[in-house]
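Reading the structure
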Amino acid sequence: MQRARIPSTGRQQRMSSTYPNAPIGVRVISYLSAKLCPRLQINRVLWFKCSVLGLTYIAYTCYHMTRKPISVVKSVLHRNCSTVTLPPEFVTPAGGGSNDPTAPSPFPTDGTWCDYAPFDQPDFNSLLGALDSAFLFSYAIAMFFAGFIAERVSLRYFLALGMAFSGVFCYLFGLAKVYDIHALWYFIAVQALAGMFQTTGWPGVVTIVGRWFGKSKRGLIFGIWNSHTSIGNVLGTLIAAHYVERDWSMSFVVPGFLMGVCGFVMFLFLVERPEIVDCQEKVADYAHQQRGSSTGSSYRRMEDSVSDEEVSAVNTEQEINERTPIIGSINRAPPHQDAIGFFGALRIPGVVEFSLSLFFSKLVSYTFLFWLPFYIQHSTSMGAKLSADVSTVFDIGGIVGAIAAGMLSDASAMPATTCTGMLAIAAPLLLIYRCWGSVSLSVNILLLFIVGVMVNGPYALITTSVSAELGQHSSLNGNSKALATVTAIIDGTGSIGAAIGPLLAGMVSGWSNVFYMLVISDVLALAMLLRISSKECSRRNINRRYNVRIE
């Protein structure tokens, strides 16, 4: 059978094309480039891929930036008032004073005078934990609906509106201090609504990136790209720490404002699908690239290769099956696709196991996210600002861990085994950090960095590369309308764990017991992946025997 000839994709083109369905910012840039630089030749596909990576990176950085301030501000909502400098109104003027014993004392007698009501109560840990739970349970529940909605609406509008409202509710939390609001229901309501709109982020960005990028080096690309989580945490921490001891309301107002501005940028420039700007890849081109590549195992090449006849069939009959390359299944979607349902997504092999593993992995990660600055301050003699600054080391380690997990997954084609290995190392490291982290500042930083690498590596890999892979599983027969649903199920299940972790940390008595809880959760996350990891190891042994026979 003769191979069907496909015309050139015309990648090297001027940015003078008009895209009627593109965002207004892209159309303006296209118009200006045509007028000002009519002879400019660029690789449009590369240009738009880089813009998508950059914009989605900024978007999810902002989502995490607005989540982090509460962990920093906890240290001033309730603190040891004996170590706090008295405000000017309580200081006796020079030469002043009175000998009258009945005269009111110029000094505060209430041991909670520096706290912010209603968090000045003895059960403040439970109240602070309730704020975390309001956000995280709302986030977890809404996430399952977010995937369903994301598959059926424009993701550009979905992200832009989600970012705008997330910024508004972050801003409203800070306004409580400005307007002297002390009602607990206000803080819980703001946190719950913020959690609901934050669910627009993850299904949106993962689905958009999954539409633009194929399997090649996916783990590495997603590993680097996923550093937005840690960068967002670091930025949120640094911004909050800058204001926390002067005016903690600004710790929320500034991130909320930045979130809204970036949401407007998404609305102007984010291209959610390659077809909108005529950048869809051709199946035949991808097949030739696969034949030219010398990397990967023989088993994987045997499973993923595409023959000339199959390329012809795909291009002439528009039939896509499990042997079609991933880019073709995304960008050459067969007609009349229906978005996959919740239970249909659960039947995809691996979705349940990775979801449960993420449940426990995210429990550990988010307990650190919401309680680490508070723990550092109470286990050492550091102040609120220094404790917040030191806690960013955990997120810096997370950046390295995400990249390392992605590279290992790409090299081995064994994502579950990669996760189990890192989780096995993380469990004893948590106890080591608890025992030795308070010895000195340098030891704390070193151990916290290593813990960040091992705890966040598996979490990042599951929520990015693994989610995208399962959302485009061969059992879907090329259906591209499953990625957001699968991503939402996996991240939603993980988010339930993220909600339970900080809540338990506020209820458990003693930091040692908190760390025992984290170690047990880490071991359970590992256990959830043992079956898949065993199958990956068996497949690798088959590959080796197959290679020996070939040689």
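Please read all numbers here as calculations on a predicted model, not as lab measurements. (Residues numbered from 1 in each chain as written. Predicted model: local features only at pLDDT ≥ 70, side-chain atom pairs only at ≥ 80, totals over all residues. Heavy atoms only, no water.)

With respect to the overall build of the chain
If you tally the helices and strands in the chain, you get 22 helices and two strands. Per-residue burial for the chain yields a buried fraction of 52% across its 551 residues. Contacts in the chain between residues far apart in sequence, at least 24 positions, make up 84% of those at least 6 positions apart. (Helix = DSSP H or I, 4+ residues; strand = E, 2+ residues; numbered from the N terminus. Buried < 20%, exposed > 50% of the residue type's maximum accessible area, 1.4 Å probe, protein only. Contact = heavy atoms within 4.5 Å.)

Quick word on the confidence of the model for the chain
The predicted model of the chain has a mean per-residue pLDDT of 77, with 74% of residues at 70 or higher. Mean pLDDT values over the elements of the chain span from 34, in helix α14 (residues 326-331), up to 95, in helix α10 (residues 250-269). In this model, residues 1-11 is a region of pLDDT below 50 whose contacts with residues beyond four sequence positions or in other chains number 21 contacts. Predicted confidence for residues 282-336 stays below pLDDT 50, and this span has 95 contacts to residues more than four positions away or in other chains. (pLDDT = per-residue confidence, 0-100.)

Examining helix α9 (residues 227-244)
With 18 residues, α9 extends 25 Å from end C-alpha to end C-alpha; this agrees with the ideal 26 Å at 1.5 Å per step. Among the 18 residues that make up α9, 13 are buried, leaving the element largely enclosed by the rest of the structure. (Expected span 1.5 Å × (residues − 1).)

Some details on the pattern of salt bridges
Inspection of every chain in the model, using the stated rule, returns six salt bridges. Residue Lys177 pairs with Asp247 through a salt bridge whose shortest N-O separation is 3.7 Å. Of the two residues, Lys177 sits in helix α5 (residues 155-178) while Asp247 sits in the loop between α9 and α10, which places them 70 residues apart along the sequence. On the accessibility criterion, Lys177 (31% relative accessible area) is partly exposed. A relative accessible area of 26% places Asp247 in the partly exposed class. A salt bridge links Arg211 to Glu272; the nearest nitrogen and oxygen atoms lie 3.8 Å apart. Placement of the pair is Arg211 in helix α7 (residues 201-212) and Glu272 in the loop between α10 and α11 (283-292), with a sequence separation of 61 residues. For the pair Arg211 and Glu272, one class covers both residues: buried. (Salt bridge = Lys/Arg side-chain N within 4 Å of Asp/Glu carboxyl O.)

Remarks on the packing of aromatic side chains
If you walk through the whole model with that rule in mind, you get 28 aromatic pairs. Between Tyr116 and Phe187, the ring centres sit 6.4 Å apart and the planes meet at 90 degrees, which makes this aromatic pair edge-to-face. Placement of Tyr116 in the loop between α3 (69-77) and α4 (124-150) and of Phe187 in helix α6 (residues 184-198) is noted, with a sequence separation of 71 residues between them. Accessibility expressed as a relative area gives 0% for Phe187, which makes it buried. Here the aromatic rings of Tyr366 and Tyr459 are separated by 6.4 Å at their centres, their planes lie at 75 degrees, and the arrangement is edge-to-face. Of the two residues, Tyr366 is situated in helix α16 (residues 351-379) and Tyr459 in helix α19 (residues 441-471); the sequence distance between them amounts to 93 residues. For the pair Tyr366 and Tyr459, a shared accessibility class is recorded, and that class is buried. Among the aromatic side chains, those forming a connected cluster through ring pairs are Tyr116, Phe119, Phe173, Trp185, Tyr186, Phe187, Trp248 and Phe252. (Phe/Tyr/Trp six-rings, centres within 6.5 Å; stacked < 30°, edge-to-face > 60°.)

A closer look at the side chain of Ser361
Take Ser361: it is sitting in helix α16. For Ser361, a relative accessible area of 4% puts it in the buried group. With near-sequence residues (within four places) excluded, Ser361 lies in contact with Leu423, Tyr459 and Ala525.

Section: the side chain of Ser355
If you trace the backbone, Ser355 turns up in helix α16. Setting aside its immediate chain neighbours within four residues, Ser355 contacts Ile489, Ile490, Thr493 and Gly494.

What to know about the packing of helix α2 (residues 44-65) against α10
At a minimum axis separation of 9 Å, α2 and α10 run at an interaxial angle of 155 degrees. In terms of their interaxial angle, α2 and α10 are classed as roughly antiparallel. Crossing handedness for the pair α2 and α10: left-handed. Across the interface between the two elements, Leu55, Ile58, Ala59, Cys62, Tyr63 and Met65 of α2 pack against Pro255, Leu258, Met259, Cys262, Val265, Met266 and Phe269 of α10. The residue inventory of the contact of α2 with α10, partitioned by class, reads 13 nonpolar, no polar and no charged. (Axes fitted to C-alpha atoms, helices over the stretch in contact; angles between N-to-C directions. Parallel < 35°, antiparallel > 145°, perpendicular 65-115°, else oblique. Left-handed = near helix turned anticlockwise from the far one by under 90°. Nonpolar A, V, L, I, M, F, W, Y, C, P; charged D, E, K, R; others polar.)

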